[in-house]
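Residues per chain, in single letters:
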Amino acid sequence: MEFAIDYVLIPFIKILVVFLVVSGVVAYLTLAERKVAAFIQVRLGPMRVGPYGLLQPIADGLKLMLKEDIVPSQADKWIFTLAPIITLIPAFIVLAVIPFGPTINILGRPVSLYITDLNIGVLYVLSISSVGILGIILGGWASNSKYPLLGALRSAAQMVSYEVALGFSIMGVLMLAGSLSLVKIVEAQKDAGYWYVFQQPVAFLLFFVCALAETNRAPFDLPEAESELVAGFHTEYSGFRFSLFFLAEYAGMIVASCMAVTLFWGGWLRPFPNVETFLGIPLHFLDLIPPVLWFAAKVVVFLYTYLWFRWTWPRYRYDQLMKVGWQWLLPIAMANVIVTAILVLVLKG
Amino acid sequence: MGPQHPSTHGVLQVKLKLDGERVIDARCVIGYLHRGVEKLAEAQTYAQYVPTLDRMDYIAAVSNCLGYCEAVEKLLGVTAPPRAQYIRVIMTELNRISSHLLWLGTHAIDLGAVTVFLYCFREREEILKIFENYCGARLTTHMFRIGGTQYEIYEGFQDQVRTFIKGFPQKVDEYETLLTENRIWIGRTRGVGVISGKDAIDLGVTGPSLRGSGVQWDLRKAKPYAVYADFEFDIPVGGVGDTYDRYMVRLEEMRQSTRIVAQAVEKIPAGPLMAKMSKIIKPPVGDVYHSIEAPKGELGYYIVSDGSTQAYRTRVRPPSFVNLQALRKMVAGHMVADVVAIIGTLDIVLGEIDR
Amino acid sequence: MKVKRPQLTFLKKLFLVDLIKGLFLTFSYQRPSLNYTEQYPKVRPKIAERFRGAPRLNNDPENGETLCIACNLCALACPEHCIEVGWERDSAGKKVLTTYIFDISRCMFCGLCEDACPTPCLELTQDFELSMYGRRDMKWDRQKLEEGNQPVVYTR
């Protein structure tokens with residue numbers, strides 16, 4: 001009975017909650033993108049559907065579901081249908097290891113606010129995200145048309161290049177925390193008394209830039225830029241299949257933000273996590289805010305930054321993009337690893 | 001790159017010969033917007049033809065009007081009175097700012113900076129409001145008549161123009177903050193689409209595209225028309241001749257136009273609005289070529305008159321048509337993503353090219 | 001004058017100063033009070049007085065008769081030949097207007113007819129909402145020109 005509750009019922013409820021919450025966030029992220037873009041551009045964004053446009057994602061979802069199902073005549077039908085699913089599922093599966101909060105007591109039973117604590121959490125995240133690239137290549141290939149194929153190949157090459165620098169940038173954090181498990185990384189930050197971004201600022205910037213390139217967002221969004229290849233790998237997709245690609249992009253953004261928060265910004269920790277006073281000011285009032293809300297607030301800040309970057313800067317040309325990835329980010333990431341290793345050895349004995 | 005493409009600024013088809021990602025050759029196919037504007041001139045009288053010309057360069061319609069009215073006035077041998085000339089200069093310079101704002105917005109959005117587009121259109125909206133208050137239309141303005149202007153300036157005109165001019169240089173600084181020193185923008189535009197001054201002159205390129213390559217040639221200073229000789233302004237000239245230089249030249253031209261308008265709006269002389277001429281326009285037999293500095297280059301009109309109320313032949317020398325010839329030289333050796341930037345930097349409008 | 005060609009210094013490049021300046025600018029626009037949009041069907045736009053919109057034939061305010069003297073100058077002035085004026089002579093030999101057809105599907109709203117009219121009769125109003133269901137509805141006769149376009153008003 002205990003076994004059933006602990007290992008079947010509670011995880012099932014956690015999965016359901018995470019899935020529903022993240023789906024809702026993904027849907028409203030599309031609205032937030034349009035509203036933030038509008039405010040930056042001195043206009044209003046969606047205002048007609050619902051008060052201040054708040055029901056817009058529902059209208060968009062309904063529209064995409066009811067659209068005509070078009071499959072190009074020469075396209076490979078099974079792979080054409082499978083590709084968006086292959087892109088979407090990894091983005092949601094990765095959420096299984098992300099710690100949303102510490103272990104709390106609900107109804108007298110200790111419940112951990114993460115679905116599972118895998119002791120190779122970081123490796124799991126990196127490898128599952130790479131599966132998403134397969135979906136893009138399949139989507140471009142199965143469309144049997146020149147623009148999607150070019151877009152898919154470019155997209156895949158870009159994502160693979162920036163994965164390398166991404167992996168290197170995480171290594172500094174792993175050296176400081178001493179574990180691959182995401183929960184242990186957060187607890188290591190709690191033990192240290194400050195978030196890792198203060199010890200690894202360069203690695204954080206690298207991580208964020210690589211995350212921008214991984215999710216095909218500006219300034220690295222040439223593969224899907226309208227002005228050149230119409231719409232890249234999802235040119236031939238319409239209706240529900242397109243909505244799956246679209247949701248996969250936003251889910252990828254959320255996952256990248258969650259990872260950045262967990263690895264560098266202390267996960268669910270409050271500022272000055274283990275410290276009693278700062279310059280004589282007692283910090284207990286910060287404990288009043290539950291840790292899940294700290295996590296959510298930090299993720300929201302990162303999501304806003306994603307949108308902010310897209311609507312401010314122009315986009316890189318493809319060869320410049322690859323140059324930045326291989327000639328600039330990779331050496332800086334490697335140098336960061338070396339410097340961190342030396343400092344860890346020297347300062348921690 | 002077919003006629004329906006989000007970045008070819010109209011219905012332009014460019015046939016690119018590629019070697020992998022590099023462009024070897026480019027051929028433009030035009031004519032998708034041909035409406036027979038020059039043929040229409042044979043059926044309409046001189047005064048009736050003026051509104052038809054607004055539809056040619058629909059972005060900056062005031063310049064078209066000005067060029068044609070001045071050409072016919074040259075043929076007739078009349079000059080518009082000074083009050084009309086000053087109003088013409090103010091409106092034409094506001095029109096130049098509006099055209100460059102639209103160019104900047106579309107160029108930036110082709111290269112990914114979406115916000116600049118919206119900011120430019122906000123400023124352009126102010127100018128279009130001034131146009132609407134003055135003549136009744138925003139885009140196809142039909143502002144001037146042969147012999148002067150029809151509309152008297154409205155009440156509050158000078159205040160509205162002054163308010164606009166006071167706030168405008170800060171807005172240009174905002175565009176510069178977003179673009180000029182931005183490393184992504186610099187990477188996309190420096191060294192792209194270089195054309196030397198000599199090649200530009202050989203191809204007949206005029207306007208900011210010519211001045212970006214270092215050639216100091218502006219019809220407002222070289223062969224002054226209207227009352228441009230009364231005003232103090234500089235001609236910005238580039239050094240290298242790439243896309244970045246043309247961008248800086250047009251940005252600086254916006255500032256210089258603001259300077260001209262600021263000077264002109266203070267000293268509009270009193271007087272009549274139309275010159276003394278007969279109601280029916282029947283110029284003597286002869287021909288005339290008159291050109292002005294439109295925002296896109298040298299806009300010329302060649303009118304042949306056979307003594308009747310309708311011109312025998314009206315030929316328009318559109319600046320974009322001649323500038324487009326430079327595309328072939330500019331894209332050689334670049335990548336496909338740069339073709340979009342180069343088409344944008346030439347500042348073409350298909351209404352003019354195809355007429 | 002030579003245009004500037006700024007070179008980024010090494011420190012500026014290292015600290016991403018140019019990128020951050022742009023970010024601050026767009027962030028500073030993040031308030032609804034700076035909004036420039038008019039929510040059109042709910043909020044009526046402000047149209048200039050001289051706006052060249054739909055044509056209208058004015059009547060004399062005192063006796064309600066038309067001010068048109070059937071001189072045909074508007075039809076002669078129109079570049080698109082979209083005006084047709086019909087008249088007859090009355091007992092005193094003066095011209096009286098009978099029919100007036102204005103085809104707004106061909107009209108380019110240039111204002112030449114308004115300029116040509118010697119009386120204050122023909123006027124281009126501020127009406128710009130001129131969608132019709134068919135081409136026939138776009139040939140306005142005298143009655144429609146005098147009354148003006150009365151579109152169906154939707155409340156929502």
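Sequence order as written defines residue numbering, which begins from 1 separately in each chain. Here the convention is simple: chains get letters from A, ligands get numbers from 1, in the order in which they are written. Two thresholds apply to this predicted model, a pLDDT of at least 70 for residue-level local features and 80 or more for giving and counting side-chain atom pairs, whereas whole-chain, interface and lining totals are computed over all residues. Calculated side-chain values reflect all of the structure's heavy atoms, with hydrogen atoms and water omitted.

Chemist: Run through the overall build of chain C, naming residues and quoting values.
Modeler: Assigned secondary structure in chain C consists of five helices and five strands. In DSSP terms, a helix is any run of H or I states spanning at least four residues, a strand is any run of E spanning at least two, and both are numbered starting from the N terminus. Counting from the amino terminus, helix and strand elements in chain C follow one another as α-α-β-α-β-β-α-β-β-α. For chain C, whose C-alpha radius of gyration is 27 Å, the value lies well above the compact-globule estimate of 15 Å for 156 residues. Principal-axis analysis of the C-alpha atoms places the extent of chain C at approximately 95 × 50 × 35 Å. Looking at chain C residue by residue over its 156 residues, the buried ones come to 33%. The contact definition used throughout considers only heavy atoms, calling two residues in contact when any of these lie within 4.5 Å. Taking the contacts inside chain C whose residues are at least 6 apart along the sequence as the reference set, 63% of them involve residues at least 24 apart. Surface exposure of chain C reaches about 10,400 Å², of which carbon and sulfur atoms provide 55%. Throughout, the radius of gyration refers to the C-alpha atoms, and the reference size of a globule is 2.2 Å times the residue count to the power 0.38. Three labels apply to residues, based on accessible area from a 1.4 Å probe with only protein chains included: buried if under 20% of the type maximum, exposed if over 50%, partly exposed otherwise in between. Methods summary: accessible areas were calculated by the Shrake-Rupley approach with a probe of 1.4 Å, and residue burial reflects only the protein chains presented.

Chemist: Residues and numbers for the interface of chain C and chain B, please.
Modeler: Often the size quoted for an interface is simply the accessible area lost on bringing the parts together. Contacts between chain C and chain B engage 34 residues on the former and 52 residues on the latter. In total, chain C and chain B occlude about 3,600 Å² of area from one another, counting both sides; carbon and sulfur atoms represent 51% of this. By definition, the buried area sums, over both parts, the 1.4 Å-probe accessible area that each loses when the two are put together. Of all residues in chain C, Met1, Arg5 and Arg50 of chain C bury the most surface against chain B, accounting for 22% of the area lost on that side. Salt bridges are defined by distance alone: a side-chain nitrogen of Lys or Arg within 4 Å of a carboxyl oxygen of Asp or Glu. Inspection of the chain C/chain B interface yields three salt bridges. Of the charged contacts in the structure, one is a salt bridge between lysine 21 of chain C and glutamate 181 of chain B, with a shortest N-O distance of 3.4 Å. Elements that contribute at least two residues to the side of chain C that touches chain B include exactly helix H1 (10–14), helix H2 (17–27), helix H3 (73–77) and helix H4 (112–116) of chain C.

Chemist: Which residues make up the interface of chain B and chain A, and what values go with them?
Modeler: The partner chain A presents 18 residues to the 26 residues of chain B that form the contact. In total, chain B and chain A occlude about 2,000 Å² of area from one another, counting both sides; carbon and sulfur atoms represent 58% of this. Broken down residue by residue, the surface that chain B buries against chain A is led by Thr115, Ile184 and Arg188 of chain B, which jointly contribute 25%. The interface formed by chain B and chain A contains one salt bridge. Aspartate 338 of chain B is the partner of arginine 317 of chain A in a salt bridge, and the nearest nitrogen-oxygen pair spans 2.8 Å. Here a polar contact is recorded for every N or O atom pair within 3.5 Å, except that within protein the pair must consist of a potential hydrogen donor and a potential acceptor, and residues adjacent in sequence are included only if both atoms are side-chain atoms. Across the contact surface, chain B and chain A share six residue pairs in polar contact (both at pLDDT 80 or more). When residues of the side of chain B that touches chain A are traced back to their parent elements, those giving at least two are helix H5 (114–135), helix H7 (183–189) and helix H14 (336–346) of chain B. Gly falls in the polar group here, along with every residue not listed as nonpolar (Ala, Val, Leu, Ile, Met, Phe, Trp, Tyr, Cys, Pro) or charged (Asp, Glu, Lys, Arg). Of the residues belonging to the side of chain B that touches chain A, the class tally is 14 nonpolar, six polar and six charged.

Chemist: Account for the packing of helix H3 (residues 61–76) of chain B against helix H4 (residues 82–110) of chain B, naming residues and giving values.
Modeler: All names here are of chain B. Interaxial angles span 0 to 180 degrees and are taken between N-to-C directions of axes, which are lines fitted to C-alpha atoms, for helices over the stretch in contact. In contact at an axis separation of 8 Å, H3 and H4 are set at 145° when each is read in the N-to-C sense. Crossing of H3 over H4 shows left-handed handedness. Counted together, Ala61, Val62, Ser63, Leu66, Cys69, Glu70 and Glu73 of H3 and Gln85, Arg88, Met91, Thr92 and Asn95 of H4 form the full contact between these two elements. Looking at the contact of H3 with H4, its residues break down into five nonpolar, four polar and three charged. Each crossing is labelled by how the near helix is turned from the far one, with a counterclockwise turn of less than a right angle marking it left-handed and a clockwise turn marking it right-handed.

Chemist: Residues and numbers for the nonpolar core, please.
Modeler: Think of a nonpolar core as a cluster: buried Ala, Val, Leu, Ile, Met, Phe, Trp, Tyr and Cys residues, connected wherever their side-chain atoms sit within 4.5 Å. One finds Leu263 of chain A together with Tyr68, Met91, Leu94 and Leu104 of chain B to be the most contacted residues of the largest nonpolar core, which totals 172 residues. Counting residues per element, this core draws most heavily on helix H9 (residues 240–264) of chain A, at 14 residues. The residues touching leucine 94 of chain B, leaving out its near neighbours within four places in the chain, are Ile127, Ile130, Phe131, Phe164 and Val261 of chain B. Among the nonpolar cores identified, the runner-up in size contains 24 residues, and Val14, Val215, Ala326 and Ile348 of chain B belong to it.

Chemist: Please set out H3 of chain B residue by residue, giving values where relevant.
Modeler: All names here are of chain B. Across its 16 residues, H3 extends 23 Å between first and last C-alpha, which sits within 8% of the 22 Å expected from 1.5 Å per residue. Most of H3 is tucked away, with 14 of its 16 residues classed as buried. Following H3 by one or two positions, glycine 77 adopts a phi angle in the positive range, close to 85°. The span one expects for a helix is its residue count, reduced by one, times 1.5 Å.

Chemist: I'd like to hear about the pairing of strand S2 (residues 83–89) of chain C, residue by residue, with values.
Modeler: Paired strands are those between which DSSP finds at least two bridges. Taken together, the seven bridges between S2 of chain C and strand S3 (residues 95–103) of chain C define a ladder with antiparallel strand orientation. Each bridged residue has a counterpart across the sheet, and for glycine 86 of chain C the counterpart in S3 of chain C is threonine 99 of chain C.

Chemist: Please set out the sheet that holds S3 of chain C residue by residue, giving values where relevant.
Modeler: Residue and element names in this part refer to chain C. Read from one edge of the open sheet, three strands run S2-S3-S5, paired in antiparallel fashion. The open sheet has two edge strands, S2 and strand S5 (139–140), and neither has a second partner. Alignment of S3 against S5, held across two bridges, turns out to be antiparallel. Each residue of the ladder has a partner; that of phenylalanine 102, found in S5, is tryptophan 140.

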